[in-house]
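Overview (structure and organization)
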Amino acid sequence: MFNRLQGPATAAAFAAFSTFAQAAEPMDGRAFDAYTQGKTLFYGQNGQAYGAEVYLENQRVRWSFLDGQCKDGFWYEDAGQICFVYEDNPEPQCWAFHTHGGRLIARFENLPNATELYEAQDTDEEMICLGPEIGV
């Protein structure tokens, strides 16, 4: 499903998104909630699949690196950033979100030069979560 993320056109689009994201005003919590609630969004980075997140009611989320392992968490707005806290890590992960061309662009604010993601697709498909590993 993510092979569409690869190629020169994607790289050029990503470069354009990256430039735009650095100049645009970040979304506030209200705009982020309106855009994401009830959706499952798949994210890419540098033309490759990165992960997916399900946006639930009451600012709850479920994240996966597309490996079948899912992490539940929540988000909140803090100083113009959208911060996520997941069940396995109490340290907030804060991002600046923008839209461009009808898609989200996210820049990781904990290390701004490290990670920038773009919305690869919005799908009605469910994100696969395999559940806890049981047994010996």
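Quick note: structure is the one above.
Description of the structure in this document.

Some thoughts on the state of the cysteines
Applying the stated rule across the entire model yields two disulfides. Two residues share a disulfide in this structure: C70 and C129, whose sulfurs sit 1.8 Å from each other. Here the disulfide of C70 and C129 is left-handed, its torsion about the S-S bond being about -90°. Taken together, the residues span a long stretch of sequence, with C70 in strand 4 (residues 70-78) and C129 in the segment after strand 8 (116-123) at a distance of 59 residues. For C83, the disulfide goes to C94, at an S-S distance of 2.0 Å. Note on the C83 and C94 pair: the S-S dihedral is about 110°, so by sign convention the disulfide is right-handed.

Considering the pairing of strand 5 (residues 81-86)
When you tally the buried positions in strand 5, you get five out of six residues, the bulk of the element. Alignment of strand 5 against strand 6 (residues 89-100), held across four bridges, turns out to be antiparallel. Following the sheet pairing, C83 is matched in strand 6 by C94. The hairpin formed by strand 5 and strand 6 contains two residues between the paired strands.

Quick look at the side chain of R107
Tracing the backbone shows R107 in strand 7 (residues 103-108). Judged by relative accessible area, R107 falls into the buried class, the value being 17%. A polar atom in the side chain of R107 sits 3.1 Å from the side chain of E109.

Let's talk about the nonpolar core
Ranked by size, the top nonpolar core spans 18 residues in total, and within it F32, Y43, Y55, F84, W95, F97 and L104 carry the most contacts. If near-sequence neighbours (up to four positions away) are discounted, W95 is found in contact with Q81, I82, F84, A106, R107, F108, E109, T115 and L117.

Looking at the environment of D72
Looking at where D72 falls in the secondary structure, it is placed in strand 4. On a C-alpha basis, the gap between D72 and Y86 in space is 5.7 Å, while along the polypeptide they are 14 residues apart. Beyond its immediate chain neighbours, meaning those up to four positions away, D72 contacts V61, R62, V85, Y86 and E87. Within polar-contact distance, the side chain of D72 engages the side chain of R62 at 2.6 Å.

What about the pattern of salt bridges?
Oppositely charged side chains are able to pair whenever their charged atoms sit close together. Inspection of the entire model under this criterion finds three salt bridges. The salt bridge involving D72 is made with R62; its shortest N-O contact spans 2.6 Å. Here the residue D72 occupies a position in strand 4, and R62 occupies one in strand 3 (residues 60-64), the gap between them amounting to ten residues. When its relative accessible area of 29% is taken as the criterion, D72 is described as partly exposed. In this structure, R107 and E109 form a salt bridge, with 3.1 Å as the shortest nitrogen-oxygen distance.

Conventions used here
- Residues numbered from 1 in each chain as written.
- Predicted model: local features only at pLDDT ≥ 70, side-chain atom pairs only at ≥ 80, totals over all residues.
- Heavy atoms only, no water.
- Disulfide = S-S within 2.5 Å.
- Helix = DSSP H or I, 4+ residues; strand = E, 2+ residues; numbered from the N terminus.
- Buried < 20%, exposed > 50% of the residue type's maximum accessible area, 1.4 Å probe, protein only.
- Pairing = 2+ DSSP bridges.
- Polar contact = N/O pair within 3.5 Å; in protein donor to acceptor, adjacent residues only side chain to side chain.
- Core = buried A, V, L, I, M, F, W, Y, C linked by side-chain atoms within 4.5 Å.
- Contact = heavy atoms within 4.5 Å.
- Salt bridge = Lys/Arg side-chain N within 4 Å of Asp/Glu carboxyl O.

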